[in-house]
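Fold and geometry: a report
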Amino acid sequence: MAGGNALGVIRSLIGKLERDKPLVGRALSEAVAQIKAAADARSVELAEIMRRDLLEAERLDLTELHEAPPLGRLHVITQTQQRLEDVFCAMGYTVAEGPEIETEWHNFGALNFPPGHPARDMYDTLYVDHGPPGSTLLRTHTSPVQVRVMENQSPPLYVVAPGRCYRQDTADATHMPVFHQIEGLVVDDGITLGDLAGAIETFTTAYFGPGFTSRLRPSYFPFTEPSAEFDVQRPDGTWLELGGCGVVHPSVLEVCGVDPERWSGFAFGFGIDRLAMLRYGIGDLRDLWTNDVRFLEQF
Ligand code: FA5
């Protein structure tokens, strides 16, 4: 029986009472008023409980955060590059930069690669559609920064130039079409091959630590004469090829406005990605670029 109906039934029964009709009627009205007041009071209480529960459920207490949120980090190649800059700065070098989109002149011509020279074939060059065909390219090495430094500054020069390089190489465990090199250039009074060997040995011990040593092996680059490859020996006796180097060719000094009768210099260049592989025991260069956080956060 619904509440409204029940009240109606009681009222009609009261109507039929022989006696005490007003008394019973008043008592009923009072009972109804008391029930209604109790229900209203309980409604207010319930609304307050609901509001408290909701506030509790939505509470956001920032002081309860016990663990610091995970922070990002510099990519292992950036860390390696910064560490190399630190080591060379401690050896008295300054850091120079050059553009990644280069002129054919700075990348090849000024570095003693005449047009059609077979040594150009060693670099699978990516040309840019800008200016006359073949005049603009993505630099294949950091050596054009040597040219830009000599064009703009006077000796004595002690500079390193790290940065991105591009070659049409197929990606494999030790090659990427985009990779990083660091170039070194020294031009001063009476610089010889002996100074180059000394600088490479100083760098090897400073970067890799005691127990590591270096060696030069004869090689060929059109912009250095004599030219060499340099290798680093690990404490376990094994050798790793790092890059190329040599005494700056007099005709390179000359086209860059440096008098080869007065000054001489040496230059070197090596792969930062390969160096990071060696230092951190990375087996495949491609892992550096798949951006798998589980791999990258190890460094
Ligand atoms: C050069 O690029 C010369 N400019 C080096 C140089 C500088 C010689 C100054 C003399 C004086 P090379 O082509 O060998 O040389 O490259 C040097 C290093 O760059 C290699 O030993 C390697 O470590 C790195 N390298 C070259 N190609 C790639 C690639 N596709 N992926 C990753 N690293 C590479």
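Please refer to the structure higher up on the page.
First, a word on what this report is: a plain description of the structure on this page. (Residues numbered from 1 in each chain as written. Predicted model: local features only at pLDDT ≥ 70, side-chain atom pairs only at ≥ 80, totals over all residues. Heavy atoms only, no water.)

**A word on the pairing of strand β10 (residues 264-271)**
- Among the eight residues that make up β10, eight are buried, leaving the element largely enclosed by the rest of the structure.
- Here β10 shows a buried face lined by S264, F266, F268 and F270 and a second buried face lined by G265, A267, G269 and G271.
- Looking at chain direction, strand β6 (residues 178-188) and β10 are connected through eight bridges and run antiparallel. Its bridge partner being in β10, L185 is matched across the sheet by A267.
- For strand β9 (residues 239-248) and β10, the ladder comprises five bridges, and the chain directions are antiparallel. Within β10, the residue paired with G246 across the bridge is A267. (Buried < 20%, exposed > 50% of the residue type's maximum accessible area, 1.4 Å probe, protein only. Helix = DSSP H or I, 4+ residues; strand = E, 2+ residues; numbered from the N terminus. Pairing = 2+ DSSP bridges.)

**Let's talk about the site of the ligand**
- Within the structure, the ligand sits among 25 residues, and H141, S143, R167, D169 and M176 are positioned closest to it.
- Contacts to the ligand include R167, whose side-chain N or O atom sits 3.0 Å from an oxygen atom.
- One of the backbone N or O atoms of L242 is found 3.4 Å from an oxygen atom in the ligand.
- Contact with the protein chains covers 94% of the free accessible surface of the ligand, which is 690 Å².
- In terms of residue class, the shell around the ligand is built from 10 nonpolar, 11 polar and four charged. (Near = heavy atom within 4 Å. Polar contact = N/O pair within 3.5 Å; in protein donor to acceptor, adjacent residues only side chain to side chain. Areas by Shrake-Rupley, 256 points an atom, 1.4 Å probe, with all protein chains shown as cover. Nonpolar A, V, L, I, M, F, W, Y, C, P; charged D, E, K, R; others polar.)

**Let's talk about the pairing of strand β5 (residues 157-166)**
- Buried residues dominate β5, accounting for eight of its 10 residues.
- Across two bridges, strand β1 (residues 94-95) lies against β5 in parallel orientation. Looking at the pairing, T94 lines up with V159 of β5.
- Two strands pair when backbone bridges link them, and β5 and β6 are joined in this way by 10 bridges, in the antiparallel orientation. In the strand pairing of β6, Y166 is matched with V178.

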